[in-house]
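# Architecture and fold: a report
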Amino acid sequence: MKKRRVPEILWRLFHNRARTLGATILSLIPLKSSTNCQCKGRRCLGCDGEYGAISFLLRENDPDDYRKLLNQCFIVVSDQAPPLHGYDPHCRWAHLELVRKTIEMTISEQCSSSNVISFGYDKMSRCSDIVEALTSPSWSLLLTRIGDVLMVYLLKNTSIFLWLPRNKHHQVAGFPISDLCLKSQVHISITTYKPSLLHPGNYQFQKRLLLRL
Ligand SMILES: [Zn+2]
Ligand SMILES: [Zn+2]
């Protein structure tokens, strides 16, 4: 039997729609070479082809936590997510403000369904555990690599499961997968997940891992 890389509960719920954050990002951007990009030749995630995108996203000296974020955080794009047209590499917003605004937007747009990203959000202090988790140094680095349009798209339209030690994942965005846990956090125990690391510079290996699902 093949070893599953997706945490078992996510596999059971979403099958191959559950992918690592890194693979999800690569699936959302154009992955084509273009000389006519909004970055004006400065090079970004969206204009240097597939190899360029991978080596732009993850670099030789990137911190371990950032690598883990790309490889061990799992994402499920909502089936109601609008298509992402084109790619805009710019970062116009301060990270904390971007996360707060996105959560406030989600709260004001919510009709019947709920989104974990707004759980525990204090409108006065504009803070929550989830705001803190999503503005960690690794997420800040990610923002500089992917730009704020794609970041907001991820926060609004996907379920995000952060990796925790001891084979657990922690949902910080998306429709809550557990109705049993009414707190602001949902913990998922998994049994078969074997984390694997990307190594910058080893393109074939990276590609296999990033695109395997
Ligand atoms: Zn570009
Ligand atoms: Zn938690």
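From a predicted model like this one, the values you see are computed outputs, not experimental measurements.

## Describing the overall build of the protein
Assigned secondary structure in the protein consists of nine helices and five strands. Moving toward the C terminus, one meets the helices and strands of the protein in the order α-β-α-α-α-β-α-α-α-α-β-β-β-α. Within the protein, counting contacts between residues at least 6 apart in sequence, those at least 24 apart form 68% of the total. With an accessible surface of roughly 11300 Å², the protein has 52% of that area assigned to carbon and sulfur atoms.

## Some words on the pattern of salt bridges
Applying the stated rule across the entire model yields nine salt bridges. Close ionic contact of R12 with E8 constitutes a salt bridge, the shortest N to O distance being 3.7 Å. In this pair, R12 and E8 both sit in helix α1 (residues 8-14), four residues apart, roughly one turn of the helix. Overall, R12 belongs to the exposed group, its relative accessible area being 56%. Through salt bridges that share partners, E97, K101, E104 and R126 make up one connected network.

## Points about the layout of surface pockets
Estimates place the volume of the second largest pocket at around 290 Å³. When residues of the lining of the second largest pocket are traced back to their parent elements, those giving at least two are α4 (64-72), α7 (137-146), β3 (158-164) and β4 (168-173). No other element matches α4, which puts four residues into the lining of the second largest pocket. Partitioning the lining of the second largest pocket into residue classes produces nine nonpolar, four polar and two charged.

## Digging into helix α5 (residues 95-109)
Counted at 1.5 Å a residue, the expected span for α5 with its 15 residues is 21 Å, and the 21 Å between its end C-alpha atoms agrees. Taken as a whole, α5 has its buried residues at H95, L98, V99, R100, T102, I103 and T106. On its buried face, α5 is in contact with α6 (129-134), α7 and α8 (148-157).

## Considerations on the coordination of the zinc ion (ligand 1)
The coordination sphere of the zinc ion (ligand 1), as far as protein atoms go, consists of C37 (SG), C39 (SG), C44 (SG) and C47 (SG), spread over 2.3 to 2.4 Å. Read in sequence order, the donor residues for the zinc ion (ligand 1) give the motif C-x1-C-x4-C-x2-C. Per residue, the accessibility class of C39 equals that of C44, and both read buried.

## What to know about the nonpolar core
Within the largest apolar cluster, 44 residues are counted, with the highest numbers of intra-cluster contacts made by L21, I25, L45, W139, L142, I146 and I160. Ranked by residues supplied to this core, first place goes to α8 with five residues. Those residues within four positions of W139 in sequence are excluded, and the remaining contacts are L21, L69, C73, H95, A133, L134, M151, I160 and L162. By size, the runner-up hydrophobic cluster in this structure holds seven residues, among which are V6, L10, F14 and F74.

## Observations concerning the packing of aromatic side chains
In this description, an aromatic ring pair is defined by two values, namely the gap between the centres and the angle between the planes. Within this structure, the stated rule accounts for one aromatic pair. Where F14 meets F161, the ring centres are 6.5 Å apart and the plane angle is 45°; that geometry is what we call tilted. Residue F14 is located in helix α1, and its partner F161 is located in strand β3; the two are separated by 147 residues in the primary sequence. Like F14, the residue F161 is buried in the burial classification. In this structure, R59 packs its charged tip against the face of F56, placed 4.5 Å from the ring centre.

## A word on the packing of helix α2 (residues 21-28) against α8
For the pair α2 and α8, the least separation of the axes is 12 Å and the interaxial angle reads 120°. Between α2 and α8 the crossing geometry is right-handed. Residue-level contacts link L21, T24, I25 and L28 of α2 to L150, Y153 and L154 of α8. Here the contact of α2 with α8 is composed, by residue class, of six nonpolar, one polar and no charged.

Rules used in this analysis
- Along each chain, numbering runs from 1 in the same order as the chain's sequence is written.
- Chain labels run from A onward and ligand labels from 1 onward, assigned in the order the entries are written.
- Only residues with pLDDT of at least 70 are given local features in this predicted model, and only at 80 or more are side-chain atom pairs given and counted; all residues enter the totals for whole chains, interfaces and linings.
- Values shown for side chains rest on all heavy atoms present in the structure; no hydrogens or waters enter the calculation.
- Each helix corresponds to a stretch of at least 4 residues labelled H or I by DSSP, and each strand to a stretch of at least 2 residues labelled E; elements are numbered beginning at the N terminus.
- Contacts between residues were defined by any pair of non-hydrogen atoms, one from each residue, lying within 4.5 Å.
- Accessible areas in this description were obtained via Shrake-Rupley with a 1.4 Å probe; residue shielding takes into account the shown protein chains only.
- By salt bridge we mean one thing: a side-chain nitrogen of Lys or Arg within 4 Å of a carboxyl oxygen of Asp or Glu.
- Relative accessibility decides the category of a residue: with a 1.4 Å probe and only protein chains considered, values under 20% of the type maximum give buried, values over 50% give exposed, and everything between is partly exposed.
- Think of a 1 Å grid over just the protein atoms. A cavity is a set of points where a 1.4 Å probe fits yet cannot get out, a pocket is an open set with protein on both sides within 12 Å along at least five of seven lines, and lining residues have an atom within 4 Å of a point.
- Grid points are joined across faces, edges and corners, and a volume is the space filled by probe spheres set on the points.
- Residue polarity is assigned by list, with Asp, Glu, Lys and Arg as charged and Ala, Val, Leu, Ile, Met, Phe, Trp, Tyr, Cys and Pro as nonpolar; anything else, Gly included, falls into the polar class.
- How far a helix is expected to stretch is found by multiplying one less than its residue total by 1.5 Å.
- Coordinating N, O and S atoms are those within 2.8 Å of the metal (3.2 Å for Na, K and Ca), and as water is not part of the atoms, a site may appear to have fewer donors than expected.
- Only buried residues count toward a nonpolar core. Its members are Ala, Val, Leu, Ile, Met, Phe, Trp, Tyr and Cys residues joined through side-chain atoms within 4.5 Å.
- Centres within 6.5 Å make a pair out of two Phe, Tyr or Trp rings, where for Trp the six-membered ring is used; the pair is then stacked when the planes are under 30 degrees apart, edge-to-face when over 60, and tilted otherwise.
- Cation placement over rings: the criterion is NZ of Lys or CZ of Arg within 6 Å of the ring centroid and within 35° of the ring normal.
- The angle between two axes is taken between their N-to-C directions and runs from 0 to 180 degrees, where each axis is a line fitted to C-alpha atoms and a helix contributes only its stretch in contact.
- By definition, any crossing whose near helix is turned counterclockwise from its far helix by less than a right angle is left-handed, and any crossing with a clockwise turn is right-handed.

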